[in-house]
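Residues per chain are reported as follows:
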Amino acid sequence: MKNKTDLTKRIINIEEVKSEKIICIANTTTKDDMNLSKKFAKAFGQLISNIQVNKMEMAGPPITITTKWEESTFEYENCIPIQNVKGDLSASVFESKTYSGNAVKIEHIGSYQNLSKSYDDVMSYITQMNLEISDNPWEVYISDPSNTPEDKLITYIYFPIK
């Protein structure tokens, strides 16, 4: 079929994911926000500060959950998995849990600016496999952008499915 996306060079699979405790900061912006990476860095910095002040332990790499993606609006939650919530969280920080169940996962290697290609590929996979999205997608930032070359950054993108 000509309208089928060739996904043979992509690492895409279905995984069962377990729910994790997370602390998050919610934010809203536009889809074309040129300062998005700065906003993410600021939010993750605030979360790390909360973790340090309250002597909590990180339980995994930072994540971003997309809660709304529309024509001009991008709503998201920057989050960090933690062992246990302790102490008093800052006013903008809240406790939550990640999704539990089956999810399609794609591995993205490279610049965050090129994430849209991986999103297109995972959506093609979901369509080709006749899967149904059941909840908000999220990104897991495996590599630290402060000490990893941009072309080597690893990000996992998950889409929960029924």
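For the structure, see preceding data.
All of the points below concern the structure found in this document. The structure presented is a predicted model; accordingly, all values stated were derived computationally and were not measured. (Residues numbered from 1 in each chain as written. Predicted model: local features only at pLDDT ≥ 70, side-chain atom pairs only at ≥ 80, totals over all residues. Heavy atoms only, no water.)

1. Section: the pairing of strand S8 (residues 154–160)
When a strand is regular, its side chains alternate between the sheet's two faces. Summarising burial for S8: six of the seven residues are buried, a large majority. The pairing of strand S6 (residues 101–109) with S8 spans seven bridges and is antiparallel. Bridged to Glu 107 within S8 is Tyr 156. Where strand S7 (residues 138–141) lies against S8, four bridges are found, and the strand directions are antiparallel. Across the sheet, residue Trp 138 finds its bridge partner in S8, namely Tyr 158. (Buried < 20%, exposed > 50% of the residue type's maximum accessible area, 1.4 Å probe, protein only. Helix = DSSP H or I, 4+ residues; strand = E, 2+ residues; numbered from the N terminus. Pairing = 2+ DSSP bridges.)

2. Things to note about the state of the cysteines
Note on terminology: a disulfide is the covalent bond linking the sulfur atoms of two cysteines. Counted by the stated rule, this structure contains one disulfide. A sulfur-sulfur separation of 2.2 Å characterises the disulfide bridge that pairs Cys 24 with Cys 79. With the S-S dihedral at roughly 110 degrees, the linkage between Cys 24 and Cys 79 falls on the right-handed side. Residue Cys 24 is located in strand S2 (residues 21–29), and its partner Cys 79 is located in strand S4 (residues 74–81); the two are separated by 55 residues in the primary sequence. Side by side, Cys 24 and Cys 79 carry an identical accessibility label, which is buried. (Disulfide = S-S within 2.5 Å.)

3. Structural notes on helix H1 (residues 36–53)
Its 18 residues give H1 an end-to-end C-alpha distance of 26 Å, which sits within 8% of 26 Å, the value for a rise of 1.5 Å per residue. Of all the residues in H1, the buried ones are Phe 40, Ala 43, Phe 44, Leu 47, Asn 50 and Ile 51. Along the long axis of H1, the arc covered by the buried residues comes to 115 degrees, so they all point the same way. Turned more than 90 degrees away from the buried face of H1, the exposed residues are Lys 38, Ala 41, Lys 42, Gln 52 and Val 53. Where H1 is buried, its residues contact S2, strand S3 (63–69), S4, strand S5 (93–97) and S7. (Expected span 1.5 Å × (residues − 1). Arc of directions from axis to C-beta. Contact = heavy atoms within 4.5 Å.)

4. Remarks on the layout of surface pockets
Here the largest pocket is characterised by a volume of approximately 1200 Å³. What lines the largest pocket is a set of 33 residues, and nearest its centre among them are Leu 36, Phe 40, Tyr 112, Leu 115 and Glu 139. It is H1 that provides the largest number of residues to the lining of the largest pocket, a total of six residues. For the lining of the largest pocket, the per-class residue count stands at 20 nonpolar, seven polar and six charged. (1 Å grid on protein atoms, 1.4 Å probe; cavity = no way out; pocket = protein on both sides within 12 Å on 5 of 7 lines; lining within 4 Å. Points joined across faces, edges and corners; volume = space filled by probe spheres on them. Nonpolar A, V, L, I, M, F, W, Y, C, P; charged D, E, K, R; others polar.)

5. What about the packing of aromatic side chains?
Within the structure shown, the criterion is met by nine aromatic pairs. Relative to Tyr 158, the ring of Trp 138 lies with its centre 4.9 Å away and its plane at 10 degrees, an arrangement referred to as stacked. Residue Trp 138 is located in strand S7, and its partner Tyr 158 is located in strand S8; the two are separated by 20 residues in the primary sequence. Assigned by exposure class, Trp 138 and Tyr 158 land together as buried. Joined through ring pairs, the aromatic side chains of Phe 40, Phe 44, Trp 69, Phe 74, Tyr 76, Tyr 112 and Tyr 141 make up one cluster. (Phe/Tyr/Trp six-rings, centres within 6.5 Å; stacked < 30°, edge-to-face > 60°.)

Purely geometric numbers; function is a separate question.
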